[in-house]
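So you can see what is in the structure, the chains are spelled out below.
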Amino acid sequence: MNYRILGGRALTGEVTVPGAKNAVLHLLAAALLTDEPVVLRDVPDLRDVRTQLALLEALGKRVEPLGEGTYRIAPGRALAAEAPSELVRQLRASFHVLGPLLARLGEAYVPLPGGDVLGPRPVDLHLRGLEALGADVEVVEGGVCARARRLRPATIALPYPSVGATIHLALTAALVPGTTVIENPAREPEVDEILAFLSALGAPARRKGGRIEVRGREELGGAEHRAMPDRICAGTYLLAGVLTRGELTVRCRPWHLRPFLDTLRAMGVELRESSEGVAVRCEDLRALRPVAVETEPYPGFPTDLHPPLAALLSLVPGESRIREGVFQDRFAYAQGLSALGARVRIRGREAIIEGVPQLRGAEVRVERDNRAGAALVLAALATEGESLVRDEEEQIPRGYSRFAETLRSLGADITEESLIATQPREEGE
Ligand code: EPZ
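Since we're looking at a predicted model, the values are computed, not measured.

J.: Can you break down the layout of surface pockets residue by residue, with the values?
T.: The computed volume of the largest pocket comes to approximately 1,000 Å³. Lining of the largest pocket is provided by 44 residues; of these, Arg92, Arg121, Val163, Gly164 and Phe327 occupy positions nearest its centre. Going through the elements one at a time, α1 (21-30), α5 (124-132), α6 (163-173), α8 (231-243) and α12 (370-382) are the ones with two or more residues in the lining of the largest pocket. It is α1 that provides the largest number of residues to the lining of the largest pocket, a total of four residues. The space that makes up the second largest pocket amounts to roughly 480 Å³. Lining the second largest pocket are 24 residues; nearest its centre among them are Pro18, Pro44, Asp45, Ser401 and Arg402. Looking at the lining of the second largest pocket, the elements that each hand over two or more residues are β2 (12-16), α2 (47-58) and α14 (403-409). Class assignment of the residues belonging to the lining of the second largest pocket gives a composition of eleven nonpolar, six polar and seven charged.

Below is the structure:
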């Protein structure tokens, strides 16, 4: 899909963000832990979610869409021990089915994951953790084969608070009778969603003294769960409101966005918080102040808001810096932003952004990272003139459901064009 955008229009109104992608993908993997039906609500309409649902069906689950973002996942055929590579390669979170399948079946094979290309994305912490739980793990032909006659509870010390490893190991431990402890776990709110769901399934899981404790059981029951609102979508729309000099209210959980909101305040953005969400308004970007930000594991500044923040900083006078502390390469947006007139330099793991008074319309391409795609759309919304954001890899729909439709409802002039319909623009057009 491509996005044709006529920039320069202020966004105004209210946004209700969908359920959080980075909770729902893992809640879906958790459905493999039980033979009882589970019902998930506020499941966002995203490409990655559709991939994960297809994976559950391929593994034997029956997936019933009940409408309005609600899905019932129930037993279907006997669970398969092998995850199909064409699905796993599309989505990193699909790798997390390895532990649940291993706990259910005693053996499992899952290809090494695909998904956002943000530098090397090893799964060594996942595999070491499964071994600590008693699994024999072997990497064969681009995939991982895990076997275990009987998994045993363990204390797993993570050298880095990996979100994926924390969730993957908590999911697995839910079916290991006894108490498993994860030390130095990730503190992202999405992890707490998974712990709450595991507890609802019958395996009490909680944070205690900076660790996570999971009291696993032989068998788990069913449960219903409504996903938390997507804090990264919320931050992305708030940034859209600021850089288009608009006035926007986003219904979300402000306490999930503390360092991000503190950064906007440090820039001089006018914002109001309530238990319902956050309201922003901005009349003049030139009145904003540059900032230096480092992305870190929660509760630090979230890496997923690095690219959209860079779009805003492109228009803030002075020199801003974003140091990427989580992924090796989160700079896929830089080339596109530069084509739109931004002054961005990448030095090592830091983006140095010199604010410019105006961006200009251009044709740009989304590459590798769904958050980079959102950043280019946001920058195009702020330019004077027309831009074309080419998203041949369909990155944006991976992380943002109904993105163009939502932006249009706020006053943006953005239309979606199928890849076929969009001819390359003639030179000098
Ligand atoms: C999750 O990725 C999210 N994805 C990411 O969102 C998010 O950016 C990231 O957490 C950080 O918050 C999902 O939840 C589906 P990590 P994940 O394991 O689990 C290294 C988006 O745009 N590492 O905390 O992959 C890794 O290489 C996506 O929505 C190891 O070295 O994050 C990276 O440098 C992008 N070995 C760092 O840790 C391991 O075994 C953070 O990875 C695992 C990770």
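J.: Which residues make up empty space enclosed by the protein, and what values do they have?
T.: The gaps of empty space that remain are located by a probe, the size of a water molecule, rolled over the atoms. For the structure shown, the criterion picks out one cavity of 30 Å³ or more. Here the largest cavity is characterised by a volume of approximately 40 Å³. Taken together, Ala20, Lys21, Asn22, Ala23, Glu190, Asp230, Arg231, Ile232 and Arg371 make up the lining of the largest cavity. Going through the elements one at a time, α1 and α8 are the ones with two or more residues in the lining of the largest cavity. It is α1 that contributes the most residues to the lining of the largest cavity, three residues altogether. A class-by-class count of the residues in the lining of the largest cavity yields three nonpolar, one polar and five charged.

J.: Pulling in residues and values, what's your account of the site of the ligand?
T.: Lining the immediate environment of the ligand, one finds 26 residues, of which Asp124, Leu125, Ser162, Asp304 and Arg371 sit closest. The contact in question runs from an oxygen atom of the ligand to an N or O atom on the side chain of His26, over 3.0 Å. With respect to the ligand, the backbone of Val326 contributes an N or O atom lying 2.8 Å from an oxygen atom. Computed on the free molecule, the ligand has an accessible area of 830 Å², of which 89% lies beneath the protein chains in the complex. Most atoms of the ligand, that is more than half of them, are within 2 Å of grid points of the largest pocket. Counting residues per element, the ones that place at least two in the shell around the ligand are α1, α5, α6 and α12. When grouped by side-chain class, the residues that make up the shell around the ligand number ten nonpolar, seven polar and nine charged.

J.: Pulling in residues and values, what's your account of the nonpolar core?
T.: Met267, Tyr333 and Leu407 are the most contacted members of the largest nonpolar core, which has 75 residues in total. The biggest single contributor to this core is α12, with ten residues. Beyond its immediate chain neighbours, meaning those up to four positions away, Met267 contacts Ala287, Leu288, Arg289, Val291, Leu309, Leu312, Leu313 and Val316. With 71 residues, the next largest nonpolar core counts Leu102, Ala146, Leu171 and Ile212 among its residues.

J.: Outline the pattern of salt bridges, listing residues and values.
T.: Considering all chains together, one arrives at 37 salt bridges under this definition. For Glu283, the salt bridge identified is with Arg281, shortest N-O distance 2.6 Å. Exposure remark for Glu283: the relative accessible area of 61% places this residue in the exposed category.

J.: Tell me about the side chain of Thr34, residues and numbers included.
T.: You can see Thr34 is positioned in the loop between α1 and β3 (38-41). What Thr34 contacts, discounting residues up to four positions off in sequence, is Lys61, Arg104, Leu201, Leu220, Gly221 and Gly222.

J.: Go over α5 with me, naming the residues and quoting the values.
T.: By the burial criterion, the buried members of α5 are Leu125, His126, Leu127, Gly129 and Leu130. The elements touched by buried residues of α5 are α4 (98-105), β7 (136-140), β8 (143-147), β9 (155-157) and α6. At the C-terminal side of α5, Gly134 shows a positive phi close to 105 degrees.

Basis of the calculations
- Note that residues are indexed from 1 along each chain, following the sequence as it is written.
- Only residues with pLDDT of at least 70 are given local features in this predicted model, and only at 80 or more are side-chain atom pairs given and counted; all residues enter the totals for whole chains, interfaces and linings.
- To obtain the side-chain values, all non-hydrogen atoms of the structure were included, while hydrogens and water were left out.
- Each cavity reported here is a set of points on a 1 Å grid over the protein atoms alone in which a 1.4 Å probe fits but cannot get out, each pocket an open set with protein on both sides within 12 Å along at least five of seven lines, and each lining residue one with an atom within 4 Å of a point.
- Grid points are joined across faces, edges and corners, and a volume is the space filled by probe spheres set on the points.
- In DSSP terms, a helix is any run of H or I states spanning at least four residues, a strand is any run of E spanning at least two, and both are numbered starting from the N terminus.
- Any residue that is not Ala, Val, Leu, Ile, Met, Phe, Trp, Tyr, Cys, Pro, Asp, Glu, Lys or Arg is counted as polar, Gly included; the first ten are nonpolar and the last four charged.
- Being near a molecule or strand, for a residue, means having at least one of its heavy atoms within 4 Å of it.
- Whenever two N or O atoms come within 3.5 Å, that pair is a polar contact, provided that in protein one can donate a hydrogen and the other can accept it, and provided that, for residues adjacent in sequence, both atoms are side-chain atoms.
- Note that accessible areas follow from Shrake-Rupley with a 1.4 Å probe, and for residues the cover is restricted to the protein chains shown.
- Any molecule with more than half of its atoms within 2 Å of a cavity's or pocket's grid points is regarded as sitting in that cavity or pocket.
- Here the nonpolar core consists of buried residues drawn from Ala, Val, Leu, Ile, Met, Phe, Trp, Tyr and Cys, with membership extended through side-chain atoms lying within 4.5 Å.
- A 1.4 Å probe rolled over the protein chains alone gives each residue an accessible area, and that area as a share of the maximum for its type sets the label: buried under 20%, exposed over 50%, partly exposed in between.
- Contacts: residue pairs with any heavy atoms within 4.5 Å of one another.
- Here, a salt bridge means any Lys or Arg side-chain nitrogen found within 4 Å of an Asp or Glu carboxyl oxygen.

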